[in-house]
Amino acid sequence: MKAIVYNGPFDVSVKNVPDAKIERATDALIRITTTNICGSDLHMYEGRTSFEQGRIFGHENLGEVIEVGSGVERIKVGDRVCMPFNVGCGFCENCERGLTGFCLTANPGSAGAAYGFAEMGPWDGGQAELLRVPFADFNCLVLPEDAFDKEEDYVMLSDIFPTGWHATELAGLRAGESVAIYGAGPVGLMAAHSAVIKGASQVFVIDTHSDRLALAEKLGATPVNAAGDEAVQKILELTDGRGTDCGCECVGYQCCNKHGHEDNSATMNSLVASTKATGGIGVVGVFVPQDPGAKSSLAQEGKMPFDFGSFWFKGQSIRTGQANVKAYNRQLARLIHQGKASPGQIVSHRLSLAEAPEGYSNFDKREPGWTKVILKP
């Protein structure tokens, strides 16, 4: 089969690799029809993780079941399914509690597994013609009858739509409240979409890329084209000096300060400053324990100069971590099915696997107009 393979920093290519196949009785084999390039893939693409050369990318996957193992009972050949990026077993302590992003079985020695991702287990990614899905009865979400017509919406259930929703959940957003979302990338846009659906009174999206902010405005948010202290000041002005009820971090450890230089503390400290006293902050942007590619010694150790004094004095709370996709994907699928959500509207480019290297390069450079890239194997 053809697949997108990592060769080293800024170097991916389409290669012929051994076909994915059923290996255990609980597996399903999926013919991938849509798979996405995610902003999280760019950390690995740039060589900022321990992702091994020769591995297959891709954790946002949707397709058709073409074979199932003898132990699979619920999933049938011909089903159109979307897979959470989290690989969960369904029976460990964390999965039983709905915390599938922290499965204790799928990545031995660690909490949490994913397809085609650094430090997240041995699972091949789905930027390929075929994907092996373990624990298939648990991990496959069978899609409604409009799956073909709304495929670009449903594929977002694999990661960014649930992750954006998760950001608002971690922040504690309730109907009628205001929220500031730092980052207008795909996850930040999905957080904005989620906040609007939830009935937020004000939704601010902070970024410095005008094309992405235009999408945020289309989704019903107020765009704030600024960074650092300027962004904080604008939010305070728009909330009569009070700050927002809560905030979401949707950028991660490669965020930049007002000078455009990488500073892993920039968005976190801005959130503390622009969120009201006692407000909640939800962090879904990826932060890592070690970042050898960072310029500062503190950031290389996965640490930051965090404004803890102001955070403590304001009595704020922070909740973090990757989304437990299965906690949300079925309900979000119903919103799509009923026309209440349309996450696919942020798609900017539809490419073949052969065009994926170009897609990675342009998306990584934040070229204007490159907001969300999907691949069609």
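The paragraphs below set out a description of the structure included in this document. Here the structure is a predicted model, which means the values were calculated and not measured. Counting from 1, residues in each chain are numbered in the order their sequence is written. Confidence filtering applies because this is a predicted model: local features only for residues at pLDDT of at least 70, side-chain atom pairs given and counted only at 80 or more, and all residues used for totals across whole chains, interfaces and linings. In computing side-chain properties, one takes all heavy atoms of the structure into account and sets aside hydrogens as well as water.

Turning our attention to the packing of aromatic side chains. Side-chain rings of Phe, Tyr and Trp (the six-membered ring for Trp) are treated as a pair once their centres are within 6.5 Å; stacked means planes under 30 degrees apart, edge-to-face means over 60, and tilted covers the remaining angles. Taken as a whole, this structure holds 11 aromatic pairs when the rule is applied. Ring plane angle 55° and centroid distance 5.5 Å describe the contact between Tyr 6 and Phe 51, whose orientation is recorded as tilted. Of this pair, Tyr 6 sits in strand β1 (residues 2-8) while Phe 51 is found in the loop between α1 (39-45) and β4 (61-68), placing the two residues 45 residues apart along the sequence. Only protein chains enter the accessibility calculation, which uses a 1.4 Å probe; a residue is then buried when its area is under 20% of its type maximum, exposed when over 50%, and partly exposed in between. The exposure class of Tyr 6 is buried, given its relative accessible area of 4%. On the basis of an interplanar angle of 75° and a centroid distance of 5.9 Å, the ring pair of Phe 91 and Phe 135 is categorised as edge-to-face. Taken together, the residues span a long stretch of sequence, with Phe 91 in the loop between β5 (80-83) and α2 (93-96) and Phe 135 in the loop between β6 (130-133) and α3 (136-139) at a distance of 44 residues. An aromatic cluster is present here, built from Tyr 6, Phe 10, Tyr 45, Phe 51, Phe 57 and Tyr 360 joined pairwise through their rings. Whether a charge sits over a ring depends on NZ of Lys or CZ of Arg being within 6 Å of the ring centre and within 35 degrees of the ring normal. Sitting over the face of the ring of Phe 138, Lys 326 holds its NZ or CZ atom 4.5 Å from the ring centroid. Segments assigned H or I by DSSP are reported as helices when at least four residues long, segments assigned E as strands when at least two residues long, and all are numbered from the N terminus.

Our focus in this paragraph is the sheet that holds strand β11 (residues 244-249). Being paired, for any two strands, means DSSP has found at least two bridges between them. Taking strand neighbours across the sheet as the criterion, the 6 strands line up as β10-β9-β8-β11-β12-β13 in an open arrangement whose pairing is parallel. If you trace the sheet from one side to the other, it starts and ends with β10 (222-225) and β13 (317-320), each paired once. For this sheet, the mean inter-axis angle between neighbouring strands, taken without regard to orientation, is 20°. Where strand β9 (residues 202-207) meets β10, 4 bridges bridge the pair, whose relative direction is parallel. Looking at β10, one finds that Asp 207 is bridged to Asn 225. Contacts are residue-level and defined by heavy atoms, with any inter-residue pair within 4.5 Å sufficient. Think of each axis as a best-fit line through the C-alpha atoms, taken over the contacting stretch in the case of a helix, with angles from 0 to 180 degrees between the N-to-C directions. Against the sheet, helix α5 (residues 160-171) engages β11, β12 (275-283) and β13, with an angle of about 145° to β12. Along the sheet, helix α9 (residues 266-274) makes contact with β8 (178-182), β11, β12 and β13, crossing β12 at roughly 150°.

As a further point, take the pairing of strand β2 (residues 11-16). Here β1 runs beside β2; their pairing, made up of 6 bridges, is antiparallel. Counted as the bridge partner of Tyr 6 is Val 12 from β2. Counted along the chain from β1 to the antiparallel partner β2, the turn is 2 residues long, and its residue Phe 10 has a positive phi close to 60°.

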